[in-house]
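Report on the structure
The lines below spell out each chain.
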Amino acid sequence: MFKKVLISDDFGSINKGVLTVLNQAGIKNVKQVQYCDDAYLEIKSAIKNNVPYDLFITDLNFKTDHRAQKYGSGEAITEQLRKEYPTLKMITYSVEDRLQKVRHLINNIEVNAFVCKGRNGLLDLSKAIDSVYKNELFLSDQVKQALHSRNELEIVDYDIHLLTQLSLGHSKDAISNYFKENGIAPNSLSSIEKRQGKLLIQFRASNAIHLISIVKDLGLI
């Protein structure tokens, strides 16, 4: 298991939860900082002194205050650290759930896990630590679709028409009329309702607004 871990989060209560998870995993050598600049200097100093950290856990968003920061976000610090220390294991632990952001962090910055804070956040974090130690990628369930390709999502032209109309705020009745006027079938109200229901399940969306947010992040509309 990891021997030395650095946590970067500006909320002490969050840090305590993460610390508990690490202790339960048998990781005792843990340091906590509340600024990304401090995290950068700590990691750099540890490497210089030949006692490097082997895991870095960071939030994405940090509150601004009187102290000027070179690295003002978790995204900025992980991007810089990845450039300088390509083998450092990094976990993002955040309330952020925009799929486009998750996809960027995983594909471009190459963080090793993305864990969503929330009801199951600490449980997911425990799973993420174990997965990353085994060189496996981990994503919380609510953001796993960030890595799906358009083909894997099995979206057809009919779905695109429906999602586009929903994104414009049109009612199902209005969409039904639009489909009839433009020769798009099936166009009955019941067919539209059924297809929307299927899309909600497919994208694990809680409602139409959430559904539109997801498909926009995926670049489907």
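Residues numbered from 1 in each chain as written. Predicted model: local features only at pLDDT ≥ 70, side-chain atom pairs only at ≥ 80, totals over all residues. Heavy atoms only, no water.

1. A look at the sheet that holds strand β3 (residues 55-58)
Read across the sheet, six strands follow the order β2-β1-β3-β4-β5-β6 without closing on themselves; strand pairing throughout is parallel. Unpaired on one side and paired on the other, β2 (29-33) and β6 (138-139) mark the two borders of the sheet. Direction of pairing for strand β5 (residues 113-116) relative to β6: parallel, over a ladder of two bridges. Looking at the pairing, Ala 113 lines up with Phe 138 of β6. Contacting β1 (4-8), β2 and β3, helix α2 (residues 36-48) runs over the sheet at an angle of about 165 degrees to β1. (Pairing = 2+ DSSP bridges. Helix = DSSP H or I, 4+ residues; strand = E, 2+ residues; numbered from the N terminus. Contact = heavy atoms within 4.5 Å. Axes fitted to C-alpha atoms, helices over the stretch in contact; angles between N-to-C directions.)

2. With respect to the packing of aromatic side chains
All chains considered together, the criterion is met by four aromatic pairs. Taken together, a centroid distance of 5.2 Å and an interplanar angle of 45 degrees make the contact between Tyr 40 and Tyr 71 tilted. Of this pair, Tyr 40 sits in helix α2 while Tyr 71 sits in the loop between β3 and α3 (74-84), placing them 31 residues apart in sequence. Here the aromatic rings of Tyr 178 and Phe 179 are separated by 6.2 Å at their centres, their planes lie at 55 degrees, and the arrangement is tilted. For Tyr 178, a relative accessible area of 31% corresponds to the partly exposed category. Exposure remark for Phe 179: the relative accessible area of 0% places this residue in the buried category. Feature note: the residues Tyr 158, Tyr 178 and Phe 179 constitute an aromatic cluster, connected by ring pairs. Over the ring of Tyr 53 we find Lys 4; its NZ or CZ atom is 4.5 Å from the centre of that ring. Across from the ring centre of Tyr 35, 4.2 Å away, lies the NZ or CZ of Arg 67, which sits over that ring. (Phe/Tyr/Trp six-rings, centres within 6.5 Å; stacked < 30°, edge-to-face > 60°. Buried < 20%, exposed > 50% of the residue type's maximum accessible area, 1.4 Å probe, protein only. Lys NZ or Arg CZ within 6 Å of the ring centre and 35° of its normal.)

3. Side note on the pairing of β3
Here β3 shows a buried face lined by Leu 55 and Ile 57 and a second buried face lined by Phe 56 and Thr 58. In terms of strand pairing, β1 meets β3 through four bridges, oriented parallel. Among the inter-strand pairings, Val 5 is bridged to a residue of β3, identified as Leu 55. Pairing of β3 with strand β4 (residues 89-94), which is carried by four bridges, proceeds in the parallel orientation. Residue pairing for β4: Leu 55 is matched across the bridge by Lys 89. With α3 bridging β3 and the parallel β4, this β-α-β connection has right-handed handedness. (Right-handed = clockwise from strand over helix to strand, strands pointing away.)

4. Thoughts on the pairing of β4
Within β4, six of the six residues are buried, which leaves it mostly tucked inside the rest of the structure. Here β4 shows a buried face lined by Lys 89, Ile 91 and Tyr 93 and a second buried face lined by Met 90, Thr 92 and Ser 94. Here β4 pairs with β5 via four bridges, running parallel. Residue Ser 94 lies in a different strand from β5, and its bridge partner there is Cys 116. The parallel pair β4 and β5, bridged by helix α4 (residues 99-109), forms a crossover whose chirality is right-handed.

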